[in-house]
Amino acid sequence: MAQLTATRVLRPVGTAGKLFAFGLDVGRGLFRRPFQLREFLQQAWFIASVTIIPTALVAIPFGAVIALQVGGLIKQFGAQSFTGSASVLAVIQQAGPIATALLIAGAGGSAIAADLGARRIREELDAMMVLGIDPIQRLVVPRVLACMLVAVFLNGMVSVVGVAGGYVFNVVLQDGTPGAYLASFTALAQLPDLWVGMLKALVFGFIAAIVASYKGMNAGGGPKGVGDAVNESVVITFLLLFIVNFVLSTIYLQLVPPKTG
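What counts, and where the lines are drawn
- Residues numbered from 1 in each chain as written.
- Predicted model: local features only at pLDDT ≥ 70, side-chain atom pairs only at ≥ 80, totals over all residues.
- Heavy atoms only, no water.
- Helix = DSSP H or I, 4+ residues; strand = E, 2+ residues; numbered from the N terminus.
- Buried < 20%, exposed > 50% of the residue type's maximum accessible area, 1.4 Å probe, protein only.
- Areas by Shrake-Rupley, 256 points an atom, 1.4 Å probe, with all protein chains shown as cover.
- Salt bridge = Lys/Arg side-chain N within 4 Å of Asp/Glu carboxyl O.
- Axes fitted to C-alpha atoms, helices over the stretch in contact; angles between N-to-C directions.
- Left-handed = near helix turned anticlockwise from the far one by under 90°.
- Contact = heavy atoms within 4.5 Å.
- Nonpolar A, V, L, I, M, F, W, Y, C, P; charged D, E, K, R; others polar.
- Expected span 1.5 Å × (residues − 1).
- Bend = angle between axes of the 7 residues up to and from the residue.
- 1 Å grid on protein atoms, 1.4 Å probe; cavity = no way out; pocket = protein on both sides within 12 Å on 5 of 7 lines; lining within 4 Å.
- Points joined across faces, edges and corners; volume = space filled by probe spheres on them.
- Core = buried A, V, L, I, M, F, W, Y, C linked by side-chain atoms within 4.5 Å.
- Patch = residues over 30% accessible without salt bridge, like charges linked within 9 Å, V, L, I, M, F, W, Y side chains within 5 Å.
- Polar contact = N/O pair within 3.5 Å; in protein donor to acceptor, adjacent residues only side chain to side chain.

Under an unreviewed UniProt entry, the protein has the name ABC transporter permease and belongs to Nocardioides marmotae.

Quick notes on the overall build of the protein
The number of helices and strands found in the protein is nine helices and zero strands. For the protein, the N- to C-terminal ordering of α and β elements is α-α-α-α-α-α-α-α-α. Looking at the protein as a whole, 41% of its 261 residues are labelled buried. Carbon together with sulfur atoms contributes 72% to the accessible area of the protein, which is approximately 13600 Å² in total.

Section: the pattern of salt bridges
Using the criterion set out here, one finds eight salt bridges in the structure. A salt bridge links Glu 39 to Arg 143, with the nearest nitrogen and oxygen atoms 2.9 Å apart. On the criterion of sequence distance, the pair formed by Glu 39 in helix H2 (residues 37-76) and Arg 143 in helix H5 (residues 135-173) is long-range, its members being 104 residues apart. Taking the relative accessible area as the measure of exposure, Glu 39 reaches 11% and is therefore buried.

Looking at the environment of Pro 61
Secondary-structure assignment places Pro 61 in helix H2. Residues Pro 61 and Gly 162 lie 101 residues apart in sequence; the distance between their C-alpha atoms is 7.7 Å.

Description of unusual backbone geometry
Even without being glycine, Glu 123 reaches a positive phi, approximately 65°. Within the secondary structure, Glu 123 sits in the loop between helix H3 (83-121) and helix H4 (124-130). A relative accessible area of 53% places Glu 123 in the exposed class.

Here we look at the packing of H5 against helix H8 (residues 191-217)
Between two packed helices, both the angle of their axes relative to each other and the distance between the axes serve to describe the pair. Where H5 meets H8, the closest approach of the two axes is 8 Å, and the angle between their N-to-C directions is 145°. In this structure, H5 meets H8 at a crossing whose hand is right-handed. Here Pro 135, Val 140, Arg 143, Val 144, Cys 147, Met 148, Ala 151, Val 152, Asn 155 and Gly 156 of H5 come into contact with H8, specifically with Gly 197, Met 198, Ala 201, Leu 202, Gly 205, Phe 206, Ala 209, Ile 210, Ser 213 and Met 217. Across the contact of H5 with H8, the residue classes break down as 14 nonpolar, five polar and one charged.

Observations regarding helix H9 (residues 223-255)
Counted at 1.5 Å a residue, the expected span for H9 with its 33 residues is 48 Å, and the 47 Å between its end C-alpha atoms agrees. Listed as buried for H9 are Gly 225, Val 226, Ala 229, Val 230, Ser 233, Val 234, Thr 237, Leu 241, Asn 245, Ser 249 and Tyr 252.

Some thoughts on H5
Across its 39 residues, H5 extends 53 Å between first and last C-alpha, which sits within 8% of the 57 Å expected from 1.5 Å per residue. For H5, the principal kink sits at Val 141 and spans about 30°; a proline, Pro 142, occurs within the next four residues.

As for empty space enclosed by the protein
All told, the structure shown has one cavity of 30 Å³ or more when counted by the stated rule. Approximately 30 Å³ is the volume attributed to the largest cavity. Those elements that provide at least two residues to the lining of the largest cavity are H2, H3 and H5. Looking at side-chain class alone, the lining of the largest cavity contains six nonpolar, four polar and no charged residues.

Regarding the environment of Gly 29
Here Gly 29 lies in helix H1 (residues 2-29). Here Gly 29 falls in the buried class, since its relative accessible area comes to 3%. Ignoring any residue separated from it by four or fewer positions in sequence, one finds Gly 29 in contact with Gln 137 and Val 141.

Some words on the nonpolar core
Judged by nonpolar contacts, the single largest core of 37 residues is most densely connected at Phe 22, Val 26, Ile 47, Ile 104, Val 140 and Val 144. At the level of elements, H1, H2, H3, H4, H5, H8 and H9 are the ones that each hand at least two residues to this core. The greatest single-element share of this core, amounting to 11 residues, is contributed by H5. If you look at the next biggest cluster of nonpolar residues, it comprises eight residues, including Val 70, Ala 86, Val 91 and Ala 95.

Some words on a nonpolar patch on the surface
A contiguous nonpolar surface patch, about 530 Å² in accessible area, is contributed by Ile 243, Phe 246, Val 247, Ile 251 and Leu 255. As for its position among the elements, Ile 251 is in helix H9.

Quick notes on the side chain of Thr 100
Position of Thr 100 among the secondary structure elements: in helix H3. Here the side chain of Thr 100 touches Gly 96 through a polar contact of 2.8 Å, landing on its backbone oxygen. Dropping the residues within four chain positions of it, Thr 100 is found in contact with Ala 151, Leu 154, Asn 155 and Val 158.

Dropping the structure here:
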């Protein structure tokens, strides 16, 4: 009984180690040739097609909620002139990358896990290895790069739509001044804030694709096992995204001091 309990406790540690090793294998595969350009373009188009509309729809309430919360809080301190800058910081640094990552993991990542899991139970991956084809280089690397590329573009779209939505809600519902909202963009925000948002989106896209590919390629137990792998990939990705976001935000605030008004 004690041995069984120890095995259950250590199982997540072993899974984390295997996932890290899988990520290293994918990282090495990025520099191998030939590069699967056709597969990369197909996956990028597919991931963009299933995530772009939900991302645009989610970005509007994200920007609205942030504008309403930040605007109401700042109004209590009598600093309405900083509403635009604070809203932009919240959207670009946090809301944009997080919203992008959640949709990339929920839509694109689940599709990747389901596709690779189906190939696994049909023994296609084993057949590829018998033929001397590396499944990681052939299937995983293009999907990882596609997720990273689409995540960066979606993050830009979320940032634009979120800031525009925050502007509309601040001006319409909170009686804000359009000129003051726009003029305050540079009061607290700075160019590195934009770069860290893009970096977060890139890292989040990489994590979502790695977890989805790992769970898909290690699926077992028939169709039910594929479904379980998809669910597990989404849950694990969500947990990792929030942890990595905290770490990146902490490092960024230490390296780049906040701009004072």
